[in-house]
Amino acid sequence: MKVPSQPDGGPAPVGFREALVRLRTAQKSAKGVSLYSRHVNRPLGRLLAAAAYRAGLGPDQVTLASAALSFAGIALIALVPPSVGLGVGVWALLVAGYALDSADGQLARLRGVSGPAGEWLDHVVDCVKITALHSAVLVSWYRFAEPPHAAWLLVPLVFQLAAVTTYCGGLLTEKLKPRPLPGAPAPQPSTARAVALLPVDYGVVCLVFLLLGLQAAFRVGYTVLALAAVLLLGGFLAKWYRELADAPGRPAPPLLGGPSGPAGAEAARDAERVSSPRSG
(Lines give C-alpha, C1' and ligand atoms only; values in the text may rest on other atoms or scores of the structure.)
Protein backbone atom coordinates (compact mmCIF):
# COMPACT_ATOMS: atom_id res chain seq x y z
CA MET A 1 0.00 0.00 0.00
CA LYS A 2 1.49 3.34 -1.04
CA VAL A 3 0.41 6.32 1.05
CA PRO A 4 0.46 9.70 -0.76
CA SER A 5 2.88 12.22 0.69
CA GLN A 6 2.62 15.82 1.75
CA PRO A 7 5.16 18.41 0.58
CA ASP A 8 7.16 17.88 3.79
CA GLY A 9 7.49 14.16 3.05
CA GLY A 10 4.90 12.92 5.56
CA PRO A 11 1.82 10.94 4.56
CA ALA A 12 -1.11 13.03 3.42
CA PRO A 13 -4.01 12.94 5.89
CA VAL A 14 -7.11 11.01 4.86
CA GLY A 15 -10.58 10.57 6.34
CA PHE A 16 -11.80 7.67 8.48
CA ARG A 17 -13.45 5.84 5.57
CA GLU A 18 -10.44 6.23 3.31
CA ALA A 19 -8.18 5.01 6.10
CA LEU A 20 -10.37 1.90 6.45
CA VAL A 21 -10.18 1.23 2.72
CA ARG A 22 -6.39 1.48 2.73
CA LEU A 23 -6.11 -0.74 5.78
CA ARG A 24 -8.26 -3.43 4.12
CA THR A 25 -5.83 -3.54 1.19
CA ALA A 26 -2.77 -3.80 3.44
CA GLN A 27 -3.68 -6.78 5.64
CA LYS A 28 -1.12 -9.44 6.43
CA SER A 29 -1.59 -12.91 5.03
CA ALA A 30 -4.29 -14.99 6.72
CA LYS A 31 -2.04 -18.08 6.61
CA GLY A 32 -1.51 -19.49 10.09
CA VAL A 33 -4.18 -17.23 11.59
CA SER A 34 -7.20 -18.57 13.48
CA LEU A 35 -10.76 -17.74 12.53
CA TYR A 36 -11.10 -15.46 15.56
CA SER A 37 -8.14 -13.32 14.58
CA ARG A 38 -9.15 -13.31 10.93
CA HIS A 39 -12.84 -12.43 11.34
CA VAL A 40 -13.01 -10.68 14.74
CA ASN A 41 -9.73 -9.27 16.00
CA ARG A 42 -8.29 -7.94 12.75
CA PRO A 43 -11.52 -6.14 11.74
CA LEU A 44 -11.78 -4.64 15.26
CA GLY A 45 -8.13 -3.60 15.05
CA ARG A 46 -8.76 -2.04 11.65
CA LEU A 47 -11.53 0.17 13.07
CA LEU A 48 -9.36 1.17 16.02
CA ALA A 49 -6.37 1.85 13.75
CA ALA A 50 -8.46 4.16 11.57
CA ALA A 51 -9.78 5.95 14.67
CA ALA A 52 -6.27 6.29 16.10
CA TYR A 53 -5.06 7.65 12.78
CA ARG A 54 -7.75 10.33 12.78
CA ALA A 55 -6.90 11.15 16.41
CA GLY A 56 -3.26 11.71 15.46
CA LEU A 57 -1.91 8.83 17.57
CA GLY A 58 1.24 6.91 16.71
CA PRO A 59 1.69 3.11 16.74
CA ASP A 60 3.69 3.12 19.99
CA GLN A 61 0.93 5.06 21.74
CA VAL A 62 -1.58 2.45 20.60
CA THR A 63 0.74 -0.33 21.84
CA LEU A 64 0.92 1.34 25.26
CA ALA A 65 -2.87 1.74 25.33
CA SER A 66 -3.17 -1.97 24.55
CA ALA A 67 -0.79 -2.76 27.41
CA ALA A 68 -2.70 -0.53 29.84
CA LEU A 69 -6.06 -2.22 29.13
CA SER A 70 -4.60 -5.73 29.14
CA PHE A 71 -2.67 -5.28 32.39
CA ALA A 72 -5.71 -3.67 34.05
CA GLY A 73 -7.73 -6.79 33.26
CA ILE A 74 -4.91 -9.06 34.43
CA ALA A 75 -4.57 -7.13 37.71
CA LEU A 76 -8.31 -7.54 38.37
CA ILE A 77 -7.99 -11.32 38.02
CA ALA A 78 -5.30 -11.45 40.70
CA LEU A 79 -6.63 -8.81 43.10
CA VAL A 80 -10.45 -9.05 43.09
CA PRO A 81 -12.56 -12.03 44.21
CA PRO A 82 -14.16 -13.78 41.20
CA SER A 83 -17.72 -12.86 40.24
CA VAL A 84 -19.87 -12.82 37.12
CA GLY A 85 -19.50 -9.05 36.81
CA LEU A 86 -15.74 -9.25 37.25
CA GLY A 87 -15.55 -11.89 34.51
CA VAL A 88 -17.37 -9.64 32.05
CA GLY A 89 -15.13 -6.70 32.94
CA VAL A 90 -11.94 -8.74 32.62
CA TRP A 91 -13.06 -10.13 29.26
CA ALA A 92 -13.89 -6.64 27.95
CA LEU A 93 -10.50 -5.24 28.99
CA LEU A 94 -8.56 -8.18 27.58
CA VAL A 95 -10.44 -8.19 24.28
CA ALA A 96 -10.04 -4.42 23.86
CA GLY A 97 -6.32 -4.74 24.59
CA TYR A 98 -6.03 -7.54 22.04
CA ALA A 99 -7.81 -5.49 19.36
CA LEU A 100 -5.45 -2.56 20.01
CA ASP A 101 -2.57 -5.00 19.72
CA SER A 102 -3.73 -5.64 16.16
CA ALA A 103 -4.35 -1.93 15.56
CA ASP A 104 -0.80 -0.77 16.30
CA GLY A 105 0.75 -2.74 13.42
CA GLN A 106 -2.03 -1.73 11.03
CA LEU A 107 -1.58 1.92 12.02
CA ALA A 108 2.18 1.66 11.46
CA ARG A 109 1.60 0.38 7.92
CA LEU A 110 -0.96 3.10 7.24
CA ARG A 111 1.42 5.82 8.41
CA GLY A 112 4.43 4.17 6.75
CA VAL A 113 6.44 4.27 10.00
CA SER A 114 7.12 0.58 10.70
CA GLY A 115 10.46 0.07 12.37
CA PRO A 116 12.41 -2.30 14.64
CA ALA A 117 11.80 -0.24 17.79
CA GLY A 118 8.01 -0.42 17.40
CA GLU A 119 8.15 -4.13 16.62
CA TRP A 120 10.35 -4.71 19.66
CA LEU A 121 7.94 -2.83 21.95
CA ASP A 122 4.97 -4.77 20.59
CA HIS A 123 6.63 -8.16 21.13
CA VAL A 124 7.87 -7.31 24.62
CA VAL A 125 4.40 -6.20 25.69
CA ASP A 126 2.88 -9.38 24.22
CA CYS A 127 5.36 -11.63 26.01
CA VAL A 128 4.81 -9.93 29.38
CA LYS A 129 1.03 -10.02 28.84
CA ILE A 130 0.96 -13.76 28.13
CA THR A 131 3.18 -14.54 31.10
CA ALA A 132 1.25 -12.29 33.49
CA LEU A 133 -2.19 -13.58 32.46
CA HIS A 134 -1.56 -17.15 33.58
CA SER A 135 0.32 -15.96 36.67
CA ALA A 136 -2.79 -13.97 37.61
CA VAL A 137 -4.98 -17.06 37.26
CA LEU A 138 -2.61 -18.95 39.57
CA VAL A 139 -2.79 -16.14 42.15
CA SER A 140 -6.59 -15.98 41.88
CA TRP A 141 -6.99 -19.71 42.41
CA TYR A 142 -4.62 -19.65 45.36
CA ARG A 143 -6.27 -16.62 47.02
CA PHE A 144 -9.98 -17.00 46.22
CA ALA A 145 -10.99 -20.18 44.38
CA GLU A 146 -9.95 -22.96 46.76
CA PRO A 147 -9.66 -25.65 44.04
CA PRO A 148 -10.60 -29.19 45.13
CA HIS A 149 -6.97 -30.30 45.07
CA ALA A 150 -3.65 -28.45 45.16
CA ALA A 151 -2.71 -30.12 41.86
CA TRP A 152 -5.07 -27.69 40.10
CA LEU A 153 -2.48 -24.98 40.77
CA LEU A 154 -0.19 -26.68 38.25
CA VAL A 155 -2.64 -25.98 35.39
CA PRO A 156 -1.82 -22.25 35.03
CA LEU A 157 1.90 -23.04 35.16
CA VAL A 158 1.59 -25.64 32.39
CA PHE A 159 -0.61 -23.30 30.33
CA GLN A 160 1.93 -20.49 30.80
CA LEU A 161 4.82 -22.71 29.72
CA ALA A 162 2.98 -23.85 26.58
CA ALA A 163 1.79 -20.34 25.67
CA VAL A 164 5.16 -18.64 26.13
CA THR A 165 7.03 -21.40 24.28
CA THR A 166 4.55 -21.22 21.40
CA TYR A 167 4.85 -17.45 21.18
CA CYS A 168 8.65 -17.28 21.37
CA GLY A 169 9.16 -20.38 19.22
CA GLY A 170 6.88 -19.00 16.51
CA LEU A 171 8.67 -15.65 16.46
CA LEU A 172 12.09 -17.28 16.29
CA THR A 173 11.00 -19.62 13.50
CA GLU A 174 9.76 -16.70 11.41
CA LYS A 175 13.08 -14.91 11.90
CA LEU A 176 15.15 -17.95 10.91
CA LYS A 177 13.10 -19.22 7.97
CA PRO A 178 14.25 -18.10 4.52
CA ARG A 179 12.05 -15.41 3.08
CA PRO A 180 10.01 -16.21 -0.03
CA LEU A 181 11.65 -15.34 -3.32
CA PRO A 182 10.45 -12.08 -4.91
CA GLY A 183 7.36 -12.71 -7.02
CA ALA A 184 6.55 -16.01 -5.30
CA PRO A 185 2.78 -16.59 -4.91
CA ALA A 186 1.38 -15.84 -1.48
CA PRO A 187 0.56 -18.99 0.55
CA GLN A 188 -3.13 -19.78 0.68
CA PRO A 189 -4.80 -19.91 4.11
CA SER A 190 -6.42 -23.14 5.23
CA THR A 191 -9.86 -23.06 6.85
CA ALA A 192 -9.19 -26.36 8.64
CA ARG A 193 -5.98 -24.95 10.12
CA ALA A 194 -7.76 -21.74 11.09
CA VAL A 195 -10.31 -23.78 13.04
CA ALA A 196 -7.63 -25.99 14.65
CA LEU A 197 -5.78 -22.89 15.88
CA LEU A 198 -8.80 -21.48 17.72
CA PRO A 199 -7.91 -23.00 21.15
CA VAL A 200 -4.55 -21.20 21.20
CA ASP A 201 -5.80 -17.87 19.90
CA TYR A 202 -5.48 -15.25 22.64
CA GLY A 203 -8.96 -13.96 21.84
CA VAL A 204 -10.48 -17.38 22.55
CA VAL A 205 -8.49 -17.59 25.79
CA CYS A 206 -10.04 -14.23 26.73
CA LEU A 207 -13.53 -15.68 26.21
CA VAL A 208 -13.08 -18.24 28.99
CA PHE A 209 -12.87 -15.40 31.53
CA LEU A 210 -16.59 -14.81 31.01
CA LEU A 211 -16.93 -17.91 33.24
CA LEU A 212 -14.77 -16.41 35.99
CA GLY A 213 -17.71 -16.08 38.38
CA LEU A 214 -18.57 -19.77 37.92
CA GLN A 215 -15.39 -21.25 39.28
CA ALA A 216 -16.05 -24.93 38.49
CA ALA A 217 -16.96 -24.09 34.88
CA PHE A 218 -14.01 -21.73 34.61
CA ARG A 219 -11.57 -24.40 35.86
CA VAL A 220 -12.87 -26.89 33.30
CA GLY A 221 -12.83 -24.45 30.39
CA TYR A 222 -9.41 -23.08 31.29
CA THR A 223 -7.97 -26.59 31.70
CA VAL A 224 -9.36 -27.72 28.32
CA LEU A 225 -7.62 -24.77 26.67
CA ALA A 226 -4.42 -25.58 28.56
CA LEU A 227 -4.48 -29.19 27.29
CA ALA A 228 -5.10 -27.97 23.74
CA ALA A 229 -2.16 -25.56 24.05
CA VAL A 230 0.16 -28.39 25.14
CA LEU A 231 -0.99 -30.72 22.35
CA LEU A 232 -0.71 -28.04 19.66
CA LEU A 233 2.70 -27.00 20.96
CA GLY A 234 3.99 -30.51 20.25
CA GLY A 235 2.75 -30.24 16.67
CA PHE A 236 4.19 -26.73 16.28
CA LEU A 237 7.64 -27.77 17.52
CA ALA A 238 7.83 -30.72 15.12
CA LYS A 239 6.64 -28.57 12.20
CA TRP A 240 9.01 -25.68 12.94
CA TYR A 241 12.02 -27.95 13.35
CA ARG A 242 11.23 -29.74 10.09
CA GLU A 243 10.88 -26.45 8.22
CA LEU A 244 14.20 -25.14 9.52
CA ALA A 245 15.97 -28.48 8.99
CA ASP A 246 14.88 -28.44 5.33
CA ALA A 247 15.93 -24.81 4.84
CA PRO A 248 19.31 -24.14 3.18
CA GLY A 249 22.00 -23.31 5.72
CA ARG A 250 24.33 -20.36 5.73
CA PRO A 251 28.08 -20.92 5.42
CA ALA A 252 29.90 -20.28 8.68
CA PRO A 253 33.22 -18.40 8.66
CA PRO A 254 36.15 -20.79 9.13
CA LEU A 255 37.74 -20.89 12.57
CA LEU A 256 41.24 -21.89 11.38
CA GLY A 257 43.08 -21.96 8.11
CA GLY A 258 40.46 -20.09 6.10
CA PRO A 259 40.64 -16.75 4.37
CA SER A 260 40.65 -13.76 6.70
CA GLY A 261 40.45 -10.04 6.40
CA PRO A 262 38.39 -8.12 3.81
CA ALA A 263 38.91 -10.73 1.08
CA GLY A 264 37.69 -13.54 3.34
CA ALA A 265 34.68 -11.52 4.48
CA GLU A 266 33.77 -10.75 0.87
CA ALA A 267 34.09 -14.44 -0.06
CA ALA A 268 31.77 -15.39 2.81
CA ARG A 269 29.21 -12.83 1.68
CA ASP A 270 29.41 -14.13 -1.90
CA ALA A 271 28.84 -17.69 -0.67
CA GLU A 272 25.83 -16.60 1.36
CA ARG A 273 24.32 -14.76 -1.60
CA VAL A 274 24.62 -17.89 -3.72
CA SER A 275 23.30 -20.36 -1.13
CA SER A 276 20.57 -18.36 0.59
CA PRO A 277 17.18 -17.63 -1.00
CA ARG A 278 17.08 -14.42 1.05
CA SER A 279 19.42 -12.80 -1.45
CA GLY A 280 18.08 -10.43 -4.10
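Below is a summary of the structure that appears in this document. From a predicted model like this one, the values you see are computed outputs, not experimental measurements.

## Examining helix H3 (residues 59-79)
- Taking 1.5 Å per residue, 21 residues should reach 30 Å; H3 reaches 30 Å between its end C-alpha atoms and fits that length.
- Residues Pro-59, Val-62, Thr-63, Ser-66, Ala-67, Ser-70, Gly-73, Ile-74, Ile-77 and Ala-78 constitute the buried set of H3. Looking down the long axis of H3, one finds its buried residues gathered within 145° of arc, a one-sided arrangement. Set apart from the buried face of H3 by more than 90 degrees, the exposed residues are Leu-64 and Leu-79.
- Packing partners of the buried residues in H3 comprise helix H2 (35-54), helix H4 (84-111) and helix H5 (116-145).

## What to know about the packing of aromatic side chains
- What the rule picks out here adds up to nine aromatic pairs.
- In textbook terms, an aromatic cluster arises when at least three aromatic residues are bridged by ring pairs, as seen for Trp-141, Trp-152, Phe-159, Phe-209, Phe-218 and Tyr-222.
- Across from the ring centre of Tyr-202, 4.5 Å away, lies the NZ or CZ of Lys-129, which sits over that ring.

## Description of a nonpolar patch on the surface
- On the surface, Val-84, Val-88, Leu-207, Leu-210, Leu-211 and Leu-214 cluster together to form a nonpolar patch covering roughly 460 Å² of accessible area.
- In this fold, Leu-210 is placed in the loop between helix H8 (202-207) and helix H9 (215-246).

## Here we look at the packing of H4 against H5
- As a packed pair, H4 and H5 sit with axes 11 Å apart at the nearest point and diverge in direction by 160°. Between H4 and H5, the crossing angle belongs to the class labelled roughly antiparallel. The two elements H4 and H5 meet at a crossing, and its hand is left-handed. Residue-level inspection shows Leu-94, Asp-101 and Asp-104 of H4 in contact with H5, the latter providing Asp-122, Asp-126, Lys-129 and Leu-133.

## Side note on the pattern of salt bridges
- According to the stated counting rule, one finds six salt bridges in the structure shown.
- With a closest N to O distance of 2.6 Å, Lys-239 and Glu-243 form a salt bridge. Within this pair, Lys-239 and its partner Glu-243 are both found in helix H9, separated by four residues, close to a single helical turn.
- Each member of the salt-bridge network shares a partner with another, and the members are Glu-174, Lys-177, Lys-239 and Glu-243.

Cut-offs used in this document
Along each chain, the written sequence defines residue order, and numbers are assigned to residues from 1. Totals for whole chains, interfaces and linings use all residues, but because this is a predicted model, local features are given only for residues with pLDDT of at least 70 and pairs of side-chain atoms are given and counted only at 80 or more. No hydrogens and no water enter the side-chain calculation; it runs on all heavy atoms of the structure. Numbering of helices and strands starts at the N terminus; helices are DSSP runs of H or I of at least 4 residues and strands are runs of E of at least 2. In a helix, the anticipated span is given by 1.5 Å times the number of residues less one. Relative accessibility under 20% of the residue-type maximum defines a buried residue, over 50% an exposed one, and the middle range a partly exposed one, all with a 1.4 Å probe and only protein chains included. This arc is taken over the directions from the axis of the helix to the C-beta atoms. We call two residues contacting when some pair of their heavy atoms lies within 4.5 Å. Two rings from Phe, Tyr or Trp (for Trp, the six-membered ring) form a pair when their centres are within 6.5 Å of each other. A pair whose planes differ by under 30 degrees is stacked, one over 60 is edge-to-face, and the rest are tilted. Over a ring means this: the NZ of a Lys or the CZ of an Arg is within 6 Å of the ring centre and within 35 degrees of the ring normal. The residues that make up patches have over 30% relative accessible area and no salt bridge, and they are joined within 9 Å when like-charged or within 5 Å when they are Val, Leu, Ile, Met, Phe, Trp or Tyr. Computed with a 1.4 Å probe, the accessible areas rest on the Shrake-Rupley method; for each residue, only the protein chains presented here act as cover. Definition used for salt bridges: Asp or Glu carboxyl oxygen within 4 Å of a side-chain nitrogen of Lys or Arg. Think of each axis as a best-fit line through the C-alpha atoms, taken over the contacting stretch in the case of a helix, with angles from 0 to 180 degrees between the N-to-C directions. Roughly parallel means an angle under 35 degrees; roughly antiparallel means over 145; roughly perpendicular covers 65 to 115; every other angle is labelled oblique. Two helices crossing with the near one rotated counterclockwise from the far one by less than a right angle form a left-handed crossing, whereas a clockwise rotation gives a right-handed crossing.

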